[in-house]
Amino acid sequence: MTAEAGRLEQRPAAEAPNEGHEGSAEIRTGAHPVAGGTDTTILGVLLFIASEAMFFAGLFAAYFTLRTKATTWPPGDIHLDLPLAAALTVVLVSSSFTMEGAVRAIQAGDRRRMVRWLSVTLGLGLLFLAGQLYDYATLDFSFSSGVYGAAFFTMTGFHGAHVAGGVVAMFAMLGRASQGQFTARHHAAVVGVSAYWHFVDLIWVALFSTLYLLR
Amino acid sequence: MATTTLVPARVGYRSSIYEWLTTTDHKKIGALYLTSSLIFFLLGGLQALGIRSQLAFPDQALVDHGTYNEYFTIHGTTMIFLFAMPILSGLANYIVPLQLGAADMAFPRINALGFWLVPMGGLMIYSSYFFGGAAVGWTGYVPLSDGNFGPGTGQGVDLWIVGLIVLGASSILGAVNFLATIFKLRAPGLTMWRLPIFVWTVLVTQTLALFAIPVFTTALALLFIDRNFTHGAFLNPAVGGNAVLWQHMFWFFGHPEVYIMILPAMGVISEVVPVFSRKPLFGYKAFIGATIAIGLLAFGVWAHHMFATGAVYLPFFSLLTGLIGVPTGIKFFNWLATMWRGQLNLATPMLFAIGFLALFLIGGLDGALLAAVPFDYDVTDTYWVVAHLHYVLFGGTAMGVFAGIYYWFPKMSGRLLDERLGRLHWLLLMIGVNLAFFPQHLLGLDGMPRRISTYPASSGWGPLNLASTIGAFTIAAGVAVFFVNILVSLRSGEPAGDDPWDGTTLEWATTSPPPPYNFESVPPVRSERPLFDLKHRPAVAALAPVPAAPADGEAGA
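Being a predicted model, the structure only gives us computed values, none of them experimental.

1. Some points on the overall build of chain B
Then comes step 1: A count of helices and strands for chain B gives 16 helices and 2 strands.
Then comes step 2: The C-alpha radius of gyration of chain B comes to 23 Å, within 12% of the 24 Å expected for a compact globule of 557 residues.
Then comes step 3: Counting only C-alpha atoms, chain B reaches 75 × 55 × 45 Å along its principal axes.
Then comes step 4: Within the span of chain B, comprising 557 residues, buried residues form 59% of the whole.
Then comes step 5: Across chain B, contacts joining residues at least 24 apart in sequence account for 82% of those joining residues at least 6 apart.

Structure (structure tokens):
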């Protein structure tokens, strides 16, 4: 499908508000959009991200509660791999910038450039996950080794699962792009995925600071 | 694709099982929510009757203690997560898009997913009965729920936890959907300050759900991990965890949860009282302000459930809890001033609304007393608390739900519910609720602890418990009348017409039941009572109706 055909097919309703509707029983999902403002899809993603933020807020609250009660934190026999975690932080933070590149590309109507940037972002996401798995395999403590191990693996584990979710979402976006979807004016899903990806990135920065820098 | 066009195979409400299983129509999903909730209401009610039968006389052994503990656990879990929340979601699912003049929710497929998670979660919670049971109370306090402490704390509790996580996911998806719908799909002219009160209460409720439920999910996840992988590292003090942490996280969710269950019921009452008093709601903006105030305060009062732990700062939580009485009091003035000198029509929806006012007032005053720390110390974990929460949740939420069902059933089915059966239902509930729950105040003051499976005759608690049990069975009789009414009226109820109550909001502008697309055209909206304007204000009625402009909420990306 050519870019032009995709664009015509996805002409937003705002361009033809009453098309084919006079007196007919056609139904369409949704109804009158409130003019202007945030796109409904993006709003939905942002609201979902708000709930995710509360989920992680709960984890952080639990972490700090446990930390205040502990006498030594982290316990003496715990050794973290700071260089690896710092490298993974660089990977994930860079991926936010490449994701932004993808969004700007599609805003300019350049789907091929968007696919390239999105692929790079996806690769960085996979690299982060691989690095995290390597970290898990080489650390000298585990999920079941006391309060610190439980907190460390629960928090990084839930974050890793969210990274994996973002990777799946990026695969879905690439699949849709390969079918000729997304145009300069019609790419809310890409913006939604990017917002989610930035959020996951932000959570990692908070996690890295909490687990590795504040100690 | 941007302009998805669906041509229905046939227009009409009844359809095949396949259509019900695959529907994304908010009205059908609303009906599914209502049906599933009412089934779980029956199951939860049966367990309540089991509890009350066991307690009817001292020293009884109708059910063994372990089973009794499972009954009150699953009774509470059912009534909150599988009845109160989903039935309010069902009413909102059906009514909110209609009141907005919209064709559907913003994300219809997510809406369907949100519903189908409810029976899934329900199945998990109920299957706990076959896997050793979940006998930890609906609050699931650690250390009882943390690891295996004998009967009813084993695998069944894991199922209970996962079931609750699934139900939480359903609520979060619902919250995203409702908020996007309310913000984005309002009819032209329907500004935020013209929204029906019910929509406003749903808006605040879903905001609470969006921020409170994820924290409960966190708590449940930690509990699950503790039980299965980390041997209590989070919540068991013996291993370095923190037992009070569970209570904090649980009630950080649990108290907003109370308002998640009561605010939409207040919204229903605020639709019913003006229509049946033939007056606009007194203090529309004050009511909305009070609703928002309750929503904000809801996040600052959770530790009043934990006064007796000695681990919370008492004055702060006591003060904020007392403050909630102010916006709630404003709402009572709203309702009473609306009825004052109104032309009261005491049809069944209004009877249930008045019942709500009377019973919820008692529950609310109980709550104000519990905000006082010394009193709370005295009655913590006694039957006083049981009385309070049932006056709020049965007297408040359930009465509000019944008011809503009597009010909107004609819109959903095209038929009126029977008024005589409805009045009998109301009378039995008014007697039953007071007989079942008022004596529990006295039992609580006399020191009867909650959640005990029996008591000795020497305690002297026998007569009041017997009264309470008779009350519970009176409620059951009332509920039976309600179900008969629903079944009879669905088949042969009096045809309702489009607008049986002379309503003022947009849902009464379409047919009963509404067509799949809801509106051919939406009346012009110039106030919070668009239908009243249309009927009685020639200047507004002369405006052209707005064609139901199609646009898609979801598929546009």
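There's plenty left to go through after this.
2. Structural notes on the overall build of chain A
Then comes step 1: Secondary structure assignment for chain A yields 6 helices and 0 strands.
Then comes step 2: Counting from the amino terminus, chain A carries its helices and strands in the arrangement α-α-α-α-α-α.
Then comes step 3: Taking all 215 residues of chain A together, the buried fraction comes to 40%.
Then comes step 4: Long-range pairs, those at least 24 residues apart, make up 83% of the contacts in chain A with a sequence separation of at least 6.

3. Observations concerning the packing of helix 7 (residues 243–277) of chain B against helix 8 (residues 284–297) of chain B
For any two helices packed against each other, one specifies the crossing angle of their axes together with the interaxial distance.
All names here are of chain B.
Then comes step 1: One can describe the packing of helix 7 onto helix 8 by two numbers: an axis separation of 11 Å at closest approach and a directional angle of 170°. In terms of orientation, helix 7 lies roughly antiparallel with respect to helix 8. Contacts between helix 7 and helix 8 involve Y259, L263 and S270 on the former and, on the latter, F287, T291, I294 and G295.
Then comes step 2: Considering only residue class, the contact of helix 7 with helix 8 consists of 4 nonpolar, 3 polar and no charged.

4. Digging into helix 5 (residues 146–178) of chain A
Then comes step 1: In a regular helix each residue adds 1.5 Å, so 33 residues correspond to 48 Å; helix 5 of chain A covers 48 Å between its end C-alpha atoms and thus fits that length.
Then comes step 2: Immediately beyond the C-terminal end of helix 5 of chain A, within one or two residues, lies G180 of chain A, with a positive phi of roughly 90°.

5. What to know about helix 3 (residues 65–100) of chain B
All names here are of chain B.
Then comes step 1: With 36 residues, helix 3 should reach 52 Å at 1.5 Å per residue; the first-to-last C-alpha distance of 50 Å fits that figure.
Then comes step 2: When the local axis directions of helix 3 are compared, the greatest deviation, roughly 35°, occurs at T78.
Then comes step 3: Across the 36 residues of helix 3, 32 count as buried, placing the element largely inside the fold.
Then comes step 4: At the exit of helix 3 stands G101, carrying a positive phi of roughly 75°.

6. Some thoughts on the confidence of the model for chain A
Then comes step 1: In this model, chain A carries an average pLDDT of 86, and 83% of its residues clear a pLDDT of 70 or more.
Then comes step 2: The low-confidence segment residues 1–33 of chain A (pLDDT under 50) makes 81 contacts with residues lying over four places distant or belonging to another chain.

7. Observations concerning the environment of W73 of chain A
Residues and elements named next belong to chain A.
Then comes step 1: Residue position: W73 is located in the loop between helix 2 (40–69) and helix 3 (82–107).
Then comes step 2: Classification of W73 by C-beta neighbours within 10 Å gives partly exposed; the count is 15.
Then comes step 3: When the C-alpha positions of W73 and R111 are compared, they lie 49 Å apart, and in sequence the two are 38 residues distant.

8. As for the confidence of the model for chain B
Residue and element names in this part refer to chain B.
Then comes step 1: When pLDDT is averaged along chain B, the result is 93; 96% of the residues meet or exceed 70.
Then comes step 2: Within the model, the stretch residues 551–557 combines pLDDT values under 50 with 39 contacts to residues more than four positions away or in other chains.
Then comes step 3: In the predicted assembly, ipTM is 0.92 and pTM is 0.91.

The rules behind these values
Residues numbered from 1 in each chain as written. Chains lettered and ligands numbered in written order. Predicted model: local features only at pLDDT ≥ 70, side-chain atom pairs only at ≥ 80, totals over all residues. Helix = DSSP H or I, 4+ residues; strand = E, 2+ residues; numbered from the N terminus. Rg over C-alpha atoms; globule rule 2.2 N^0.38 Å. Buried ≥ 20, exposed ≤ 12 C-beta atoms within 10 Å, placed from the backbone. Contact = placed C-beta atoms within 7 Å. Axes fitted to C-alpha atoms, helices over the stretch in contact; angles between N-to-C directions. Parallel < 35°, antiparallel > 145°, perpendicular 65-115°, else oblique. Nonpolar A, V, L, I, M, F, W, Y, C, P; charged D, E, K, R; others polar. Expected span 1.5 Å × (residues − 1). Bend = angle between axes of the 7 residues up to and from the residue. pLDDT = per-residue confidence, 0-100.

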